[in-house]
Amino acid sequence: PNAQRNEMEPIRLTLEKGGSTIPDNPHEGEEFGYVISGSVEVHIGKEKYAVGEGESFYLYPDEEHYISSPAGAELIWVSTRAPTKRWRLRWFPG
């Protein structure tokens with residue numbers, strides 16, 4: 001993702017069997033992902049986390065990080081840059 005021009009950049013990502021994203025260096029911002037189908041491994045520094053279909057992940061990219069999928073997967077991945085201001089969401093039920 002290239003969230004340098006936008007506050008947030010959502011992408012739909014398909015990883016083929018054995019595929020991965022390019023390792024990304026630490027940066028400011030936040031990242032969120034939702035696995036639509038298949039499963040992925042989220043690599044952050046030396047740690048690895050399994051995320052399955054219907055599950056999500058959220059990370060602060062303060063270490064090298066990337067996503068891989070031994071069996072293939074489709075996911076939504078949202079990357080944000082460092083916020084220029086904090087937003088507050090308020091919800092008012094019916």
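Definitions and limits used
Along every chain, residues carry numbers that run from 1 in the direction the sequence is written. Only residues with pLDDT of 70 or above have their local features reported here, since the model is predicted, and side-chain atom pairs are shown and tallied only from 80 upward, although totals for entire chains, interfaces and linings are computed over all residues. Hydrogens are left out, water is left out, and the side-chain values use all remaining heavy atoms of the structure. Only DSSP runs of H or I with at least four residues qualify as helices, and only runs of E with at least two residues qualify as strands; both kinds are numbered from the N terminus onward. Summary of the burial criterion: residues with accessible area below 20% of their type's maximum are buried, those above 50% are exposed, and those between are partly exposed, where the area comes from a 1.4 Å probe applied to protein chains only. When checking whether two residues touch, look at their non-hydrogen atoms; a contact exists if any pair is within 4.5 Å. To be clear on the numbers: accessible area is Shrake-Rupley with a 1.4 Å probe, and residue cover counts the displayed protein chains and nothing else. Note on ring pairs: Phe, Tyr and Trp rings are taken, using the six-membered ring of Trp, and paired if centres are within 6.5 Å. Classes follow the plane angle, with under 30 degrees stacked, over 60 edge-to-face and the rest tilted. The predictor's confidence in any single residue is recorded as pLDDT, a number from 0 to 100. Only residues whose relative accessible area exceeds 30% and that form no salt bridge enter a patch; like-charged residues are grouped when within 9 Å of one another, and nonpolar side chains (Val, Leu, Ile, Met, Phe, Trp, Tyr) when within 5 Å. In what follows, salt bridge is the name for a side-chain nitrogen of Lys or Arg lying within 4 Å of a carboxyl oxygen of Asp or Glu. Here, the term nonpolar core denotes a set of buried Ala, Val, Leu, Ile, Met, Phe, Trp, Tyr and Cys residues that are joined through side-chain atoms within 4.5 Å. What qualifies as a polar contact is a pair of N or O atoms within 3.5 Å, subject to a donor-acceptor requirement within protein and to the restriction that residues adjacent in sequence count only when both atoms come from side chains. Pairs of strands are assigned from DSSP output, requiring at least two bridges between the strands.

Asks: How do you make sense of the overall build of the protein when you look at a structure like this?
Replies: A tally of helices and strands in the protein yields 0 helices and 7 strands. Going from N to C terminus, the protein has its helices and strands arranged as β-β-β-β-β-β-β. By residue count, 32% of the 94 residues in the protein fall in the buried class. When contacts within the protein are restricted to residue pairs at least 6 apart in sequence, those whose partners lie at least 24 apart make up 74%. In the structure as shown, the protein presents an accessible area of about 6,800 Å², 51% of it carried by carbon and sulfur atoms.

Asks: What is the right way to read the packing of aromatic side chains from this model?
Replies: Both the distance between ring centres and the angle between the ring planes are used here to describe each pair of aromatic rings. Summed over all chains, the structure comprises 1 aromatic pair. Between Tyr58 and Tyr60, the ring centres sit 5.7 Å apart and the planes meet at 85°, which makes this aromatic pair edge-to-face. What makes Tyr58 partly exposed here is its relative accessible area of 47%.

Asks: It is not clear to me how the confidence of the model for the protein should be interpreted in this structure. Could you clarify?
Replies: For any part of a model where pLDDT is low, the fine detail of the predicted coordinates should not be relied upon. Averaged over all residues, the pLDDT of the protein equals 85, while 81% of them reach at least 70. Per-element confidence in the protein ranges from a low mean pLDDT of 91 for strand β5 (residues 56-59) to a high of 97 for strand β2 (residues 19-20).

Asks: What's the story with a nonpolar patch on the surface in this structure? I'm lost.
Replies: Together, Phe32, Tyr34, Tyr58 and Tyr60 give the surface a local cluster of nonpolar side chains, amounting to about 420 Å² of exposed area. Considering the arrangement of structural elements, one finds Tyr58 in strand β5.

Asks: Can you help me understand the nonpolar core in this one?
Replies: Nonpolar side chains in soluble globular proteins tend to be buried together. With 13 residues, the main nonpolar core has Leu15, Val40, Val42, Val51, Phe57, Ile67 and Leu75 as its most contacted residues. Listing elements by their share of this core, those giving two or more residues are β1 (8-15), β3 (30-44), β5 and β7 (73-80). Considering every element that reaches this core, the biggest residue donor is β3, with 4 residues.

Asks: Before we go on, may I ask you to explain the side chain of His65 in this structure?
Replies: Structurally, His65 is set in strand β6 (residues 65-69). A polar contact is formed between the side chain of His65 and the side chain of Glu31, at a distance of 3.1 Å. In this structure the side chain of His65 is engaged in a polar contact, spanning 2.8 Å, whose partner is the backbone oxygen of Glu63. Not counting the four nearest positions on each side in its chain, His65 is found in contact with Ile22, Pro23, Asp24, Asn25, His27, Glu31, His43, Ile44 and Leu59.

Asks: Mind showing me how you'd approach the pairing of strand β4 (residues 47-52) here?
Replies: On a regular strand, one side chain projects to one face of the sheet and the next to the other, so that they alternate. Pairing between β3 and β4: 6 bridges, direction antiparallel. Counterpart to Glu41 in the pairing with β4 is Ala50. Where β3 hands over to β4, the hairpin turn is made up of 2 residues, of which Gly45 adopts a positive phi near 60°.

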